[in-house]
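Descriptive analysis of the structure
Here is how the chains run, residue by residue.
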Amino acid sequence: MKIFLIGFMGSGKTYWGRKLSEKLTLPFFDLDEQIESNEAKTIPQIFAEEGEEYFRLLEKDTLHIITESHDSFIMATGGGTPCYFKNIDFMNRAGTTVWINTPVDLLHERLLKEKTQRPLIKNLNDAQLKGFIIKKFSDRKIYYEQAEMVVEENEKSIEKIVEKLFHA
Ligand code: S3P
């Protein structure tokens, strides 16, 4: 079973991915961490030194390599992963995609505290960040909506997620 968690930055993909992997005793992959370890660079370094286009290619290649070389896993993808190179179609063909949906206000609150490691937002002030999230979220929603299953804010418990996964 291959489960891909998708959703905006700060939606909790890594948090729920780790929880799910413990509960289902499946290996866990964090796509950003895999890219960082393969490149021996942080995501901000890759963006700064090679640019976003190069990062998107690495992201696609790493997604394909992990997916094709493992039978079963939980993967936390990056916020932009489903939006480039038809990655959402690839993930939907390979396994089950789960959109971790989170209200914009909550994303804003979290990302204010966690923006330094995220190159797309690290130079934005509070007001700019809010505007960025609203715009980017509305641009990306059409990709997130292609997930096979969605977890809304009020459904975020491991029991509920597992129930939805297996009794959908
Ligand atoms: C990005 C999200 C990040 C990371 C990169 C770009 C995006 O992942 O892949 O900074 O385009 O939304 P997280 O969603 O884990 O922050």
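This text gives an overview of the structure that appears in the document.

Basis of the calculations
In every chain, residue numbers begin from 1 and rise along the written sequence. Given that this is a predicted model, residues contribute local features only at a pLDDT of at least 70 and side-chain atom pairs are listed and counted only at 80 or more, while totals for whole chains, interfaces and linings are drawn from all residues. Each side-chain value is derived from all of the structure's non-hydrogen atoms; neither hydrogens nor water enter the calculation. The definitions used throughout rest on a 1 Å grid laid over the protein atoms alone, on which a cavity is an enclosed set of points accommodating a 1.4 Å probe that cannot get out and a pocket is an open set flanked by protein within 12 Å on both sides along at least five of seven lines; lining residues are those having an atom within 4 Å of a point. Grid points are joined across faces, edges and corners, and a volume is the space filled by probe spheres set on the points. Helix and strand definitions here come from DSSP, where helices need a minimum of 4 consecutive H or I residues and strands a minimum of 2 consecutive E residues; each element is numbered from the N-terminal end. Residue polarity follows a fixed list, in which Ala, Val, Leu, Ile, Met, Phe, Trp, Tyr, Cys and Pro are nonpolar, Asp, Glu, Lys and Arg are charged, and the others, Gly among them, are polar. Nonpolar cores are built from buried Ala, Val, Leu, Ile, Met, Phe, Trp, Tyr and Cys residues. Side-chain atoms within 4.5 Å join them into one set. Buried means the residue's accessible area, taken with a 1.4 Å probe over protein chains only, is under 20% of the maximum for its type, while exposed means over 50%, and partly exposed covers the values in between. Contact between two residues is taken to exist if any of their heavy atoms lie within 4.5 Å; hydrogens are not considered. Two rings from Phe, Tyr or Trp (for Trp, the six-membered ring) form a pair when their centres sit within 6.5 Å of each other. Planes less than 30 degrees apart are called stacked, planes more than 60 degrees apart edge-to-face, and all others tilted.

The computed volume of the largest pocket comes to approximately 580 Å³. Every residue lining the largest pocket is counted, 28 residues in all, and those nearest its centre are Met9, Asp32, Gly78, Gln117 and Arg118. Where the lining of the largest pocket is concerned, the elements lending two or more residues are α1 (13–24), α2 (31–39), α3 (43–50) and α4 (52–69). Per-class residue counts for the lining of the largest pocket are 8 nonpolar, 9 polar and 11 charged.

Grouped together as the largest cluster of nonpolar side chains are 31 residues, with contacts concentrated most on Phe8, Met75 and Leu111. Mapped onto this core, the elements with two or more residues apiece are β1 (2–6), α2, α3, α4, β3 (73–76), α5 (87–94), α6 (104–113) and α7 (126–144). Among the elements that line this core, the one with the most residues is α7, at 5 residues. When near neighbours in sequence (up to four residues on either side) are disregarded, Phe8 contacts Lys13, Gly79, Leu107, Leu111, Phe132, Ile133, Lys136, Phe137, Arg140 and Tyr144. By size, the runner-up hydrophobic cluster in this structure holds 17 residues, among which are Leu5, Ile74, Val98 and Ile158.

Bringing the environment of Phe166 into the picture now. Among the secondary structure elements, Phe166 is positioned in helix α8 (residues 158–167). Phe166 gets classed as partly exposed once you look at its relative accessible area, which sits at 43%. Setting aside residues up to four positions removed in sequence, Phe166 forms contacts with Met1 and Leu24.

This model, assessed by the stated rule, comprises 8 aromatic pairs. Between Phe4 and Phe73, the aromatic rings sit 5.5 Å apart at their centres with planes inclined by 85°, giving edge-to-face as the arrangement. Here Phe73 lies in strand β3 and Phe4 lies in strand β1, a separation of 69 residues in the sequence. We note that Phe4, like Phe73, is buried. When the centroid spacing of 5.8 Å and the interplanar angle of 80° are considered together, the rings of Phe29 and Phe73 count as edge-to-face. Taken together, the residues span a long stretch of sequence, with Phe29 in strand β2 (residues 28–30) and Phe73 in strand β3 at a distance of 44 residues. Each of the two residues, Phe29 as well as Phe73, counts as buried. Among the aromatic residues, ring-to-ring pairing joins Phe8, Trp99, Phe137 and Tyr144 into one connected group.

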